[in-house]
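# Examining the three-dimensional arrangement
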Amino acid sequence: MAPADNYAHELAELARRTGITVAVAESLTAGRLAATLGAAPESARWFRGGVVAYSSEVKRKVLGVPDVPVVSRTAAEAMAEGVRALLESGVAVAVTGVGGPDAQDGEPAGSVWFAVATETDVRAWHRQYDGDPERVLKQTIECAVEWLLVAAETLGTGRR
């Protein structure tokens, strides 16, 4: 099983024990992040859904991204907060980036911004991945699900 699938299974078990709910906002991964979570055990009970906001207009109108570059910390944070509120989940993750092979908006191929939002906090981070677009997507999904699990564990144990 791929690492992202392992993390998704751990997340499913945690959700079963704690009742946490999860949502995703994704651009770069075009639905593959949601598909990874949806394939995990009992996902209908804990996975609220996701928004695939591939266009800048959808990011802005649906998720509340301000008029900033869409591959940025600000965009990732707004996407995570927007989808968490929209889908009424306990925790949400967002990914936005450049899969490649070319740069976009001044960001090189492999540049990815992530954010995780809870009711009380939002955290963002950046990764620069090497490889072809498929490898960038794989690494992005793995990182997103791993950090979604970390955030859910924190919520599930009452730690903030």
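Throughout, residues of each chain are indexed from 1 in the direction in which the sequence is written. The predicted origin of the model limits local features to residues at a pLDDT of at least 70 and limits the giving and counting of side-chain atom pairs to 80 or more, whereas totals for whole chains, interfaces and linings rest on all residues. Note: side-chain values were computed over all heavy atoms of the structure, leaving out hydrogens and water.

Here we come to the packing of helix 4 (residues 56-63) against helix 5 (residues 73-87). Lines fitted to C-alpha atoms define the axes, with helix axes restricted to the stretch in contact, and inter-axis angles between N-to-C directions lie between 0 and 180 degrees. In DSSP terms, a helix is any run of H or I states spanning at least four residues, a strand is any run of E spanning at least two, and both are numbered starting from the N terminus. The N-to-C vectors of helix 4 and helix 5 enclose an angle of 50°; their axes lie 9 Å apart at closest approach. By the angle between their axes, helix 4 is oblique relative to helix 5. Here helix 4 runs over helix 5; the crossing is left-handed. Across from Lys59, Val62 and Leu63 in helix 4, the residues of helix 5 making contact are Ala78, Met79, Gly82, Val83 and Leu86. In terms of residue class, the contact of helix 4 with helix 5 is built from six nonpolar, one polar and one charged. Angle categories are assigned with fixed cut-offs, so that under 35 degrees is roughly parallel, over 145 is roughly antiparallel, 65 to 115 is roughly perpendicular, and the rest are oblique. Here a crossing is taken to be left-handed if its near helix is turned anticlockwise relative to the far helix by less than a right angle, and right-handed if that turn runs clockwise. Note on definitions: a residue-residue contact is assigned when non-hydrogen atoms from the two residues lie within 4.5 Å. Amino acids outside the nonpolar list (Ala, Val, Leu, Ile, Met, Phe, Trp, Tyr, Cys, Pro) and the charged list (Asp, Glu, Lys, Arg) are all regarded as polar, and Gly is one of them.

What follows concerns the side chain of Lys59. Summarising the element assignment, Lys59 is placed in helix 4. Each residue's exposure class comes from its accessible area (1.4 Å probe, protein chains only) as a fraction of the maximum for that residue type: buried when under 20%, exposed when over 50%, partly exposed otherwise. Neither His nor the chain ends contribute to the count of charged residues, in which Lys and Arg are positive and Asp and Glu negative. In the sections that follow, a salt bridge refers to a side-chain nitrogen of Lys or Arg positioned within 4 Å of a carboxyl oxygen of Asp or Glu. Buried within the structure, Lys59 lacks any salt-bridge partner; its nearest side chain of opposite charge belongs to Asp105, at an N-O separation of 8.3 Å. Distance and chemistry together define a polar contact, namely a pair of N or O atoms within 3.5 Å, with one atom able to donate a hydrogen and the other to accept it when in protein, and with adjacent residues in sequence counting only for side-chain atoms on both sides. A distance of 2.9 Å separates the side chain of Lys59 from the side chain of Ser27, its partner in a polar contact. The residues touching Lys59, leaving out its near neighbours within four places in the chain, are Ser27, Ala53, Tyr54, Gly64, Val65, Val70, Met79 and Thr96.

On to the nonpolar core. Of all hydrophobic cores here, the largest spans 36 residues; its most connected members are Leu11, Val22, Leu33, Leu37, Trp46, Val91 and Phe114. Going through the elements one at a time, helix 1 (3-18), strand 1 (22-26), helix 2 (32-38), strand 3 (91-97), strand 4 (111-118) and helix 6 (133-156) are the ones with two or more residues in this core. Here this core takes eleven residues from helix 6, the largest share from any one element. We define the nonpolar core as a collection of buried residues of types Ala, Val, Leu, Ile, Met, Phe, Trp, Tyr and Cys that are connected through side-chain atoms lying within 4.5 Å of one another.

The pocket and cavity definitions rest on a 1 Å grid over protein atoms only: a 1.4 Å probe that fits but cannot leave marks a cavity, an open set with protein on both sides within 12 Å along at least five of seven lines marks a pocket, and residues lining either have an atom within 4 Å of a point. Grid points are joined across faces, edges and corners, and a volume is the space filled by probe spheres set on the points. Considered as a void within the structure, the second largest pocket measures approximately 230 Å³ in volume. Lining the second largest pocket are 15 residues, with Leu28, Tyr54, Gly97, Gly99 and Gln104 positioned closest to its centre. Those elements giving two or more residues to the lining of the second largest pocket turn out to be helix 4, strand 3 and helix 6. The class makeup of the residues in the lining of the second largest pocket is seven nonpolar, seven polar and one charged.

With the rule as written, the count across this model stands at eight salt bridges. Between Arg16 and Glu13 there is a salt bridge, with its nearest N and O atoms 2.5 Å apart. Remark: Glu13 and Arg16 occur in helix 1; sequence separation between them is three residues, near one turn of the helix. Overall, Glu13 belongs to the partly exposed group, its relative accessible area being 32%. Of the charged contacts in the structure, one is a salt bridge between Glu134 and Arg32, with a shortest N-O distance of 2.8 Å. One end of the pair, Glu134, is in helix 6; the other, Arg32, is in helix 2, with 102 residues separating them in the sequence. Judged by relative accessible area, which is 45%, Glu134 ranks as partly exposed.

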